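Structure at a glance
So the chains spell out like this:
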Amino acid sequence: MGCVSRQLRGFLAWSLWPGLLAASIFLTDIVLRDGYGILGFNAVYISLAAALFALERLLPYERRWLDNCGQILPDLAHTLLNKGMAQGFVLMGTVFGIVLIFEPVSNGYWPRDWPLALQIVLGLTVSEAALYTAHRLSHEWPLLWRFHAVHHSVRRLWFWNTGRFHFVDTLVSIVLSVPLMLLAGAPEAVIIWANAITAFIGMLTHCNVDLRCGPLSYLFNTPELHRWHHSRKLSEGNKNYGENLMVFDLLLGTFFLPRDRRPPVDIGIGDPMPPSFFGQLAQPFRSCKRRLPAAAAE
């Protein structure tokens, strides 16, 4: 039984990441085609969260990350009020409003005769240029790090804190990425699909499930990569900035995936972070410190 159990665990470790992503995309395609829109997408998203909740207990990457760290309610508030509402308002105002201004000007730049799947791949690549830039700046520019530190202050990674972002941090990413796609002439369907896939990959990236992604980590942002990104050492944490795709990390030398050791499980930041949601919202306006002094980080 032990041998079979290890074999099954190994099979699941290699198959779950692509399987869950593919299933989420497949179900989203069904609900969008049937006209369920945002309600259908939310149902798929919640289903993925429920699956990861169960898998984190059956196949945890780090058992210590199953312990309650007292941040369940603040993480939920960040997800609903900061990440969710900021994305909702910006996308409603930008995609369905400003698109009327941009589309007549830039329709000619987008290959609308391509199959939708190829257009989505192009959309993910275009938006990745902006998302990579925003993410890297949030680590290297102290003013933006104040807000991004709220996300990196987590002491464990699990599906629940996927949306733990300060609203300023969220707005910076959206304001850079969505207009870039609009300027390129991306149609509404491509923008919706790019955001849906970003949501799925984001939750899979943060989950506390023992997953093996192998060569996929050279194409997509995976849990194996993102756990290094949350390292307390700057030489490891200031790497793997890709939101969905790793193309710019590979091109610009910020890809990091050592094979001789596992990512650290003692994660977080050097500076204190208030335990309450409102304290975390106010913290960036009080402090401009970096995560750790360079000497201490090494």
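Parameters and conventions
Residues numbered from 1 in each chain as written. Predicted model: local features only at pLDDT ≥ 70, side-chain atom pairs only at ≥ 80, totals over all residues. Heavy atoms only, no water. Salt bridge = Lys/Arg side-chain N within 4 Å of Asp/Glu carboxyl O. Helix = DSSP H or I, 4+ residues; strand = E, 2+ residues; numbered from the N terminus. Buried < 20%, exposed > 50% of the residue type's maximum accessible area, 1.4 Å probe, protein only. 1 Å grid on protein atoms, 1.4 Å probe; cavity = no way out; pocket = protein on both sides within 12 Å on 5 of 7 lines; lining within 4 Å. Points joined across faces, edges and corners; volume = space filled by probe spheres on them. Nonpolar A, V, L, I, M, F, W, Y, C, P; charged D, E, K, R; others polar. Core = buried A, V, L, I, M, F, W, Y, C linked by side-chain atoms within 4.5 Å. Contact = heavy atoms within 4.5 Å.

**A short note on the pattern of salt bridges**
This model, assessed by the stated rule, comprises ten salt bridges. Across the salt bridge formed by Arg 164 and Asp 75, the nearest N and O atoms sit 2.7 Å from each other. Here the residue Arg 164 occupies a position in the loop between helix H5 (142–152) and helix H6 (167–183), and Asp 75 occupies one in helix H3 (residues 72–106), the gap between them amounting to 89 residues. For the pair Arg 164 and Asp 75, a shared accessibility class is recorded, and that class is buried. Glu 236 is paired through a salt bridge with Arg 261; the nearest N and O atoms lie 2.9 Å apart.

**A short note on empty space enclosed by the protein**
A full pass over the atoms with the stated rule returns two cavities of 30 Å³ or more. There is about 30 Å³ of room inside the second largest cavity. Contributing to the lining of the second largest cavity are Ala 134, Ser 138, Leu 144, Phe 147, Val 168, Asp 169 and Val 172. Secondary structure elements with two or more residues in the lining of the second largest cavity: helix H4 (116–140), H5 and H6. Partitioning the lining of the second largest cavity into residue classes produces five nonpolar, one polar and one charged.

**A look at the nonpolar core**
Formed by 38 residues in total, the largest nonpolar core has its most connected members in Leu 52 and Val 209. Residue assignment for this core shows that the elements contributing at least two residues are helix H1 (2–33), helix H2 (37–58), H4, H6 and helix H7 (188–206). Here this core takes ten residues from H7, the largest share from any one element. Residues within four places of Leu 52 in sequence aside, it is in contact with Leu 20, Phe 159, Met 203, Leu 204, Cys 207 and Val 209.

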